[in-house]
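# A closer look at the structure
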Amino acid sequence: MSETIQPQAEAVRMRWLSISAAIASISVVGIAIGLGMPLLSIILETRGHSASMIGLNTAIAGLASIAAAPLATPLAVRFGVVWTMLAMIVAGALAFVGFYFATAFWMWFPLRVVLHIALTVLFILSEFWISTSAPPEKRGFVLGIYATVLSLGFAAGPWLFSQMGSSGFLPFGAVFVLVMLATIPVLAAWRESPKIIVDGDGSRDFFRYIWLVPTATAAVLVFGAVETGGFALFPVYGSRIGYSEGDAALLLTMIGLGNVVMQIPLGMVSDRIRDRRHLLLACATVGLAGMIVLPLVSGNWHLMAALLFVWGGVVAALYTIGLAHLGSRLSGHDLANANAAFVLCYGLGMVLGPQAIGIGMDLIGTDGFGWSLALFFAAYIVLAVNRIAASRR
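Source: prediction; values computed, not measured.

### A word on the packing of aromatic side chains
Summed over all chains, the structure comprises 16 aromatic pairs. An angle of 55° between the planes, with centres 5.4 Å apart, marks the rings of Tyr100 and Phe172 as tilted. Of this pair, Tyr100 sits in helix H4 (residues 81-101) while Phe172 sits in helix H7 (residues 170-181); the two residues are 72 residues apart in sequence, bridging distant segments of the chain. Taking the relative accessible area as the measure of exposure, Tyr100 reaches 33% and is therefore partly exposed. Residue Phe172 is classed as buried on the basis of its relative accessible area of 2%. With 5.9 Å between their ring centres and 50° between their planes, Phe234 and Tyr237 make a pair best called tilted. Placement of the pair is Phe234 and Tyr237 together in helix H10 (residues 214-240), with a separation of three residues, close to one helical turn. Looking at Tyr237, the relative accessible area reads 2%, which means it is buried. Taken together, the ring pairs connect Phe96, Phe99, Tyr100, Phe101, Trp108, Phe169 and Phe172 into an aromatic cluster. The cationic tip of Arg208 hangs over the ring face of Tyr209; the distance from NZ or CZ to the ring centre is 5.6 Å.

In structure tokens form, the structure reads like this:
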């Protein structure tokens, strides 16, 4: 099956209650993640654990996400979207509080697994709910709102962490309350939650959905690699080219601001394009060009900040537009499984990106940072051009 699959039935109106519920629930969880992830790393460091052990414990998140992706649709089919989301919210909240009471380091590994299985299923079902609730001609716009609000949630989390610190139960209690608040919008819209009906091919291999709409799943793999690897190693890159820790952090902030500002406009543009693959190709081309230009402007902080603002916003649209493209090609049970495959590919990117960039910097030196990122974009451009050319033939 190819990217010419069309939805069997599309919504004809904007279901704002469903859309608001899904966006609100996952955005509250986003705030909790933004607060919780630095909190856990700081606590492990204060307990005397090495950076490699902290990294190992954090890496479990990506592996748990990959393992959880195939479970989301079967759980939603068996128990319903709303009840599955509510169970994941409760499981995630309890797992996070468990870190406070887990004194032995080994306990943090099963807690990470439970936490990130819950978060992965929540993201898959929330994005499926949003895609099925938005009419085709507004899908990019709605997903742009989703990406923007989620980015703001991620940004709000570190700010809350800076206000509360890492000592005592307060930050853990705050995360627990925030995550549990996500149950309110889900319950408010439970009557409008989508039903996943399994057709005669419901037993098909989950992993085939990775190849069903390859320009979407490859786009999110590239974004996962670039976002995770780039954010993890940019402070090292910034230090090597002469920037202070604070200046490098501000450059990362510019990438985040570009993400927040540009998702809704790019989502609206995607709604006016007949084939979103052309826009995905354009985003990847901007990503490649940005990494080629990066060494030329690295000596000027303001030029670099402007470049990263535009680059960060356009590259982040690989996720937003890729998700919209997926929703325009599939529906029902196929869309639910493809959403899960989409998130699985993001998890693969999270694993591949830091490794590829780290190896690139070891082999080539400082410029290996940009060239490694450029390699991901170049590979995607080759795929997208081939898919577009094949569809024309």
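### Some words on empty space enclosed by the protein
Counted according to the given criterion, the structure contains one cavity of 30 Å³ or more. Considering only enclosed or pocket space, the largest cavity measures out at about 100 Å³ in volume. For the lining of the largest cavity, the secondary structure elements donating two or more residues are helix H1 (16-46), H4, helix H5 (108-133) and H7. Take the lining of the largest cavity: its biggest share by element is five residues, from H4.

### Here's the deal with the pattern of salt bridges
One pass over the full model with this rule turns up three salt bridges. The partner of Arg277 in a salt bridge is Asp275, and the shortest N-O contact between them spans 2.8 Å. The buried category is assigned to Arg277, whose relative accessible area is 6%. For Asp275, a relative accessible area of 8% puts it in the buried group. We note a salt bridge from Arg329 to Asp275, for which the minimum N-O separation is 3.8 Å. With Arg329 in helix H13 (residues 301-329) and Asp275 in the loop between helix H11 (245-271) and helix H12 (277-297), this pair connects stretches of sequence that are 54 residues apart. Overlapping salt bridges bring together Asp275, Arg277 and Arg329 as one network.

### A word on a nonpolar patch on the surface
Taken together, the side chains of Ile292, Val293, Leu296, Ile359, Leu363, Ile364 and Trp371 present a nonpolar region at the surface, about 750 Å² in accessible area. Of all the secondary structure elements, the ones that give two or more residues to the nonpolar patch are H12 and helix H14 (332-364). Judged by its relative accessible area of 55%, Ile364 falls in the exposed class.

### Considerations on the domain arrangement of the protein
What the domain assignment lists for the protein is domain 1 (16-190) and domain 2 (203-392). Taking only C-alpha atoms into account, the centre of domain 1 sits 22 Å from that of domain 2. Each partner contributes residues to the interface: domain 1 has 26 residues there, and domain 2 has 31 residues. Taking both sides of the interface into account, the surface hidden between domain 1 and domain 2 amounts to around 2300 Å²; carbon and sulfur atoms contribute 72%. Where domain 1 packs against domain 2, one counts zero salt bridges. Put simply, domain 1 and domain 2 have seven residue pairs in polar contact (both at pLDDT 80 or more) between them. Mapped onto the side of domain 1 that touches domain 2, the elements with two or more residues apiece are helix H2 (51-68), helix H3 (72-79), H5 and helix H6 (139-164). The dominant element in the side of domain 1 that touches domain 2, judged by the number of residues it contributes, is H6, at 11 residues. When the residues that make up the side of domain 1 that touches domain 2 are grouped by side-chain class, the tally is 13 nonpolar, nine polar and four charged.

### Observations concerning the side chain of Ser193
You can see Ser193 is positioned in the loop between helix H8 (183-188) and helix H9 (209-212). Residue Ser193 is classed as buried on the basis of its relative accessible area, which comes to 15%. Engagement of the side chain of Ser193 in a polar contact is seen with the backbone oxygen of Trp190, the distance being 3.0 Å. When sequence neighbours within four positions are dropped, the list of residues in contact with Ser193 reads Val82 and Trp129.

What counts as what
Residues numbered from 1 in each chain as written. Predicted model: local features only at pLDDT ≥ 70, side-chain atom pairs only at ≥ 80, totals over all residues. Heavy atoms only, no water. Phe/Tyr/Trp six-rings, centres within 6.5 Å; stacked < 30°, edge-to-face > 60°. Helix = DSSP H or I, 4+ residues; strand = E, 2+ residues; numbered from the N terminus. Buried < 20%, exposed > 50% of the residue type's maximum accessible area, 1.4 Å probe, protein only. Lys NZ or Arg CZ within 6 Å of the ring centre and 35° of its normal. 1 Å grid on protein atoms, 1.4 Å probe; cavity = no way out; pocket = protein on both sides within 12 Å on 5 of 7 lines; lining within 4 Å. Points joined across faces, edges and corners; volume = space filled by probe spheres on them. Salt bridge = Lys/Arg side-chain N within 4 Å of Asp/Glu carboxyl O. Patch = residues over 30% accessible without salt bridge, like charges linked within 9 Å, V, L, I, M, F, W, Y side chains within 5 Å. Areas by Shrake-Rupley, 256 points an atom, 1.4 Å probe, with all protein chains shown as cover. Domains from an automatic or database assignment. Contact = heavy atoms within 4.5 Å. Buried area = accessible area lost by both parts, 1.4 Å probe. Polar contact = N/O pair within 3.5 Å; in protein donor to acceptor, adjacent residues only side chain to side chain. Nonpolar A, V, L, I, M, F, W, Y, C, P; charged D, E, K, R; others polar.

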